[in-house]
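# Commentary on secondary and tertiary structure
Here is how the chains run, residue by residue.
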Amino acid sequence: FNKKTFKKVAFDLPKSVVDSLVQPIKTYKKTIPNKPNIVVFITESYSREYMGAFNDPKKIEDYVGYTPFLDSLATKSLIFNNAFANGRKSIHGMSSVLAGIPSFKDAFTSSPYANQDMESVVSILNDEGYDTSFFHGAPNGSMGFLGFSNILGFDNYYGKTEFNNDLLFDGVWGIWDAPFFQFTKEVLDAKTTPFFSTIFTVTSHEPYIVPKEFEGVFPKGTLPMHQCVGYTDFAFKQFFEAAIKEPWFENTIFIITADHTNQIYYKEQYLNPINRYAVPILIYSPNEEYIGIRSELAQQIDIYPTILDMVGYAKPFRSWGRSLVNNSADRMPPYVMNFNGQNYQYTKGNIICIFDGVKAVGFYDVHDLKLEKNLIANRTKEMDAVELSCKAFLKDYFDRIIDRNL
């Protein structure tokens, strides 16, 4: 009681400095005559570790992945193998991906400031004439998704109630992914294009079970999570095999990411303060417009501006992220921001800055993912610049949220 974690920071930074470093208002100039449909999968607990396409077996001894279908899709996609979640919980992922609003110590969505008018990919695509919908197979209202989807302004919400067949309920979280994906595809078949849809999956989660008819079908692997990863990969395969037959498929861009990470087996690579947030970002376009492997820094809040760039939205909009498909000379430099439970982790250029909310308490080389060698005793101009960027971000973040200027 009587505690507020959302409060303004005391940094004395001119607005011109904040705007130059954070670039909170973006404008892209791409012209797209035939607006594509957009489908975003936020995949429950789907750590980057589990996906073969995102890992180099030469760098990880005895590496095994559990996503054969998504790995095959990745060969025809644009993938970011150095991407990170902005938060630790499912609802953090929803606000980061769809509104470009990360959560740090506490979830933005459960703060008093969540119930305000805010610009998001949903509000903008609503204005652009898109049919917008959110799918989540859990009981309607769980996880806070229905409430936040209403704030964002989705035209339709499809949950366990709309699926209307409790025989396919997993008994814990929601409808199994495979049948819910097919339900999603059938709903999309009836949509007027262009449409924007988000599917938040449920099965790849504790208690790490799959439908009885699939027990023993997918590799058990080395962690209880692994067979669930294989089952959800199978659900993706079924979805795409069905969707490719529909007329809307060819002009649809699919984005696949995760809300956060989960169980870790390859501890040397993934059980560290930085890669604990390592998630995949995959962009698939059937017309092969986006293909390749990019190793630059990327994060969940980049997905919202990326979508607006891909659909040819040319008006100014608020975003703390950057388009991952914009190659203009003045594009925003890549960075990643999240919170490890005690401190902010801000990575930019060659530096990881650990920031306690007031000042930097550590600087590390960008490859020092375990944060073993603190370089703060020998500060450089680059370190100073990264700390300033971190302060500018936090100032703009809390000012806009608290002043209800989203």
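Here the structure is shown first, and the text comes after it.
Please read these numbers as outputs of a predicted model, since none were measured by experiment.

Parameters at a glance
- Residues numbered from 1 in each chain as written.
- Predicted model: local features only at pLDDT ≥ 70, side-chain atom pairs only at ≥ 80, totals over all residues.
- Heavy atoms only, no water.
- Helix = DSSP H or I, 4+ residues; strand = E, 2+ residues; numbered from the N terminus.
- Rg over C-alpha atoms; globule rule 2.2 N^0.38 Å.
- Buried < 20%, exposed > 50% of the residue type's maximum accessible area, 1.4 Å probe, protein only.
- Contact = heavy atoms within 4.5 Å.
- Lys, Arg positive; Asp, Glu negative; His and termini not counted.
- Charge placed at Lys NZ, Arg CZ, Asp CG, Glu CD.
- Salt bridge = Lys/Arg side-chain N within 4 Å of Asp/Glu carboxyl O.
- Pairing = 2+ DSSP bridges.
- Axes fitted to C-alpha atoms, helices over the stretch in contact; angles between N-to-C directions.
- Core = buried A, V, L, I, M, F, W, Y, C linked by side-chain atoms within 4.5 Å.
- Parallel < 35°, antiparallel > 145°, perpendicular 65-115°, else oblique.
- Left-handed = near helix turned anticlockwise from the far one by under 90°.
- Nonpolar A, V, L, I, M, F, W, Y, C, P; charged D, E, K, R; others polar.

If you tally the helices and strands in the protein chain, you get 11 helices and 16 strands. By the compact-globule yardstick of 22 Å for 406 residues, the protein chain fits well, its C-alpha radius of gyration being 20 Å. Judged by the C-alpha coordinates and their principal axes, the protein chain covers about 60 × 50 × 50 Å. Within the protein chain, the proportion of its 406 residues that are buried is 59%. Counting only contacts in the protein chain whose residues sit at least 6 apart along the sequence, the fraction spanning at least 24 positions is 71%. A gap of 6 Å separates the mean positions of the 40 positive and 46 negative side-chain charges of the protein chain.

This part is about the pattern of salt bridges. Following the criterion strictly, the structure yields 16 salt bridges and no others. Across the pair lysine 370 and glutamate 268 runs a salt bridge, and its minimum N-O distance is 2.6 Å. Placement of lysine 370 in the loop between β16 (360–365) and α11 (381–402) and of glutamate 268 in helix α9 (residues 267–270) is noted, with a sequence separation of 102 residues between them. Note on lysine 370: relative accessible area 32%, which makes it partly exposed. Looking at glutamate 268, the relative accessible area reads 53%, which means it is exposed. Between aspartate 399 and lysine 395 there is a salt bridge, with its nearest N and O atoms 3.2 Å apart. Of this pair, aspartate 399 and lysine 395 are both found in helix α11, four residues apart, which corresponds to roughly one turn of the helix. On the accessibility criterion, aspartate 399 (17% relative accessible area) is buried. In the salt-bridge network here, residues are joined through shared partners; they are Arg294, Glu296, Arg322 and Arg331.

Before going further, it helps to spend a moment on the sheet that holds strand β9 (residues 281–284). The strand order β6-β5-β7-β2-β8-β9-β3-β10 describes an open sheet built from eight strands, whose pairing is mixed. On the outer flanks of this sheet lie β6 (156–158) and β10 (292–294), each paired with one strand and no other. Strand after strand, the sheet turns through a mean of 15 degrees between neighbouring axes, direction not considered. Both strand β3 (residues 78–80) and β9 contribute to a ladder of three bridges, which runs antiparallel. Looking across to β9, one finds that isoleucine 79 is bridged to leucine 282. In the packing of helix α7 (residues 177–189) onto the sheet, the strands contacted are β2 (37–43), β5 (131–136), β6 and β7 (195–200), and the crossing angle to β5 comes to about 165 degrees. Contacting β2, β7, β8 (252–258) and β9, helix α10 (residues 303–310) crosses the sheet at an angle of about 175 degrees to β8.

Here the focus is the pairing of β7. Buried residues dominate β7, accounting for six of its six residues. Residues Phe195, Ser197 and Ile199 point to one face of β7 and Phe196, Thr198 and Phe200 to the other, with burial holding for every one of them. Relative to β7, β2 runs parallel, the two sharing five bridges. Directly across from isoleucine 38, in β7, lies its bridge partner phenylalanine 196. Two strands pair when backbone bridges link them, and β5 and β7 are joined in this way by six bridges, in the parallel orientation. Pairing of phenylalanine 135 across the sheet is with isoleucine 199, part of β7.

Turning our attention to the nonpolar core. Phe108, Phe196, Ile307, Trp320, Leu394 and Tyr397 are the most contacted members of the largest nonpolar core, which has 78 residues in total. The greatest single-element share of this core, amounting to 10 residues, is contributed by α11. Setting aside chain neighbours within four positions, we find isoleucine 307 in contact with Ile38, Val40, Val121, Leu125, Phe196 and Ile255.

Attention now moves to the packing of helix α3 (residues 90–99) against helix α5 (residues 145–152). Interhelical geometry of α3 versus α5 gives an angle of 15 degrees and a closest axis separation of 11 Å. As far as their axial angle goes, α5 and α3 are roughly parallel. As α3 runs across α5, the sense of the crossing is right-handed. Here α3 contributes Ser90, Ile91, Met94, Ser95, Leu98 and Ala99 to the contact with α5, which in turn contributes Phe145, Phe148, Ser149 and Leu152. For the contact of α3 with α5, the class distribution of residues is seven nonpolar, three polar and no charged.

Mapping serine 328 onto the fold places it in the loop between β12 (317–318) and β13 (335–339). Distance in space between the C-alpha atoms of serine 328 and lysine 315 is 17 Å, their sequence separation being 13 residues.

Structurally, the position occupied by leucine 271 is in the loop between α9 and β9. Taking relative accessible area as the criterion, leucine 271 reaches 45% and is therefore assigned partly exposed. In contact with leucine 271, not counting residues within four places along its chain, are Ile264, Tyr266 and Arg276.

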